[in-house]
Amino acid sequence: MTTNQDLPTAAVLGLGPMGRALAHALLASGHQVTVWNRSHGKAAELAAAGAKVSDSPADAVADAALVVLCLLDYQVVGDVLLAAGGALDGRTVVNLTSGSPQAARSTAEQVTSKGARYLDGTILSPAATIGTSDAVLLYSGSSAVYEANKVSFAAFSGSQRYLGEDAGRAAGYDVALVGMYWTAVVGVIHGLTLGKSEGIEAAELVAFSQGIIGLLPGYIPVLAESIDSGIHPGDASTLRSTAAGIEHALHSAEQRGIDPGLLRAAAALTRQAIRDGYGDEAVSRLSDTIRAGLPRS
């Protein structure tokens, strides 16, 4: 049985909504927690819950064996690590800040050069789910750090997964999934706006849009299998038919004065794939076109 004495003292640096949720979860699980944020106002509720509030990153780190970073971006991470300085020596740093895989790898090198241990992670759930089984967290980097702190990580969620020794792998999952999500959201907004330009209220499209978007969950595994195998059969539909549909929407957007950038990008990809000789293959073939980059003659 784990007791409070068995739990590492923890520091949470960065008290945005997610940082505050992480700190509350650690407190609720029995950890002694020190918090730091550039603006002290965000620490008030945590102080009332039992957290110690530090005036600097160095002071916060000095009080902790486990240091959790949840900051705006990796530039801020670098600033905070610089401010912590030698206090990092001997500490375990778990970075849950969103950023690129390369930034995660560079941060791992920076942290370990200061005598600390490092693990990177990504949070795939909203702040309100932290501390529940609905929260999903992924970790990558030192397996020893992950294994040694699994009890503390359980405070954040019962659903956690270790992805391997590459410190950038969790961030790789993050950018892939976030890019997928926000591209889809912007596409939905663009479609609703295009409909609005034709005198169709966005609410009128809701039921039909849910039907269209509802096709995606079943289609994603098909796309993934084709992308991994490199086999893109055009039995059901082809890039030529896909391009035709995109062109119809693009022309309508241009005629209505709606920003066509999103559709132009999709059209450019499909046109390039067709020029490359893949017009009779499935839309999944666009993965190769995307990897090759645009524009190309």
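Preceding this paragraph is the structure being described.
Below you will find a few notes about this structure. Quantities reported herein were computed from a predicted structural model and do not represent experimental measurements. (Residues numbered from 1 in each chain as written. Predicted model: local features only at pLDDT ≥ 70, side-chain atom pairs only at ≥ 80, totals over all residues. Heavy atoms only, no water.)

### Topic: the pairing of strand β1 (residues 10-13)
Here β1 shows a buried face lined by Ala-10 and Val-12 and a second buried face lined by Ala-11 and Leu-13. As paired elements, β1 and strand β2 (residues 33-36) share 4 bridges and run parallel to each other. Looking at the pairing, Ala-11 lines up with Thr-34 of β2. After leaving β1, the chain enters helix α1 (residues 17-28) and then returns to the sheet as β2, a path that is right-handed. As paired strands, β1 and strand β4 (residues 66-69) are joined by 4 bridges and run parallel to one another. Within β4, the position partnered with Leu-13 by the bridge is Leu-69. (Buried < 20%, exposed > 50% of the residue type's maximum accessible area, 1.4 Å probe, protein only. Helix = DSSP H or I, 4+ residues; strand = E, 2+ residues; numbered from the N terminus. Pairing = 2+ DSSP bridges. Right-handed = clockwise from strand over helix to strand, strands pointing away.)

### Some remarks on helix α8 (residues 169-197)
With 29 residues, α8 extends 42 Å between its outermost C-alpha atoms, agreeing within 8% with the 42 Å of an ideal straight helix rising 1.5 Å per residue. The set of residues buried in α8 consists of Ala-170, Ala-171, Asp-174, His-190, Leu-194 and Gly-195. Looking at the buried residues of α8, the elements they touch are α5 (101-113), β6 (117-123), β7 (136-141), α9 (202-213), α11 (239-255) and α12 (261-275). Two residues or fewer after α8 comes Gly-199, characterised by a positive phi angle close to 80 degrees. (Expected span 1.5 Å × (residues − 1). Contact = heavy atoms within 4.5 Å.)

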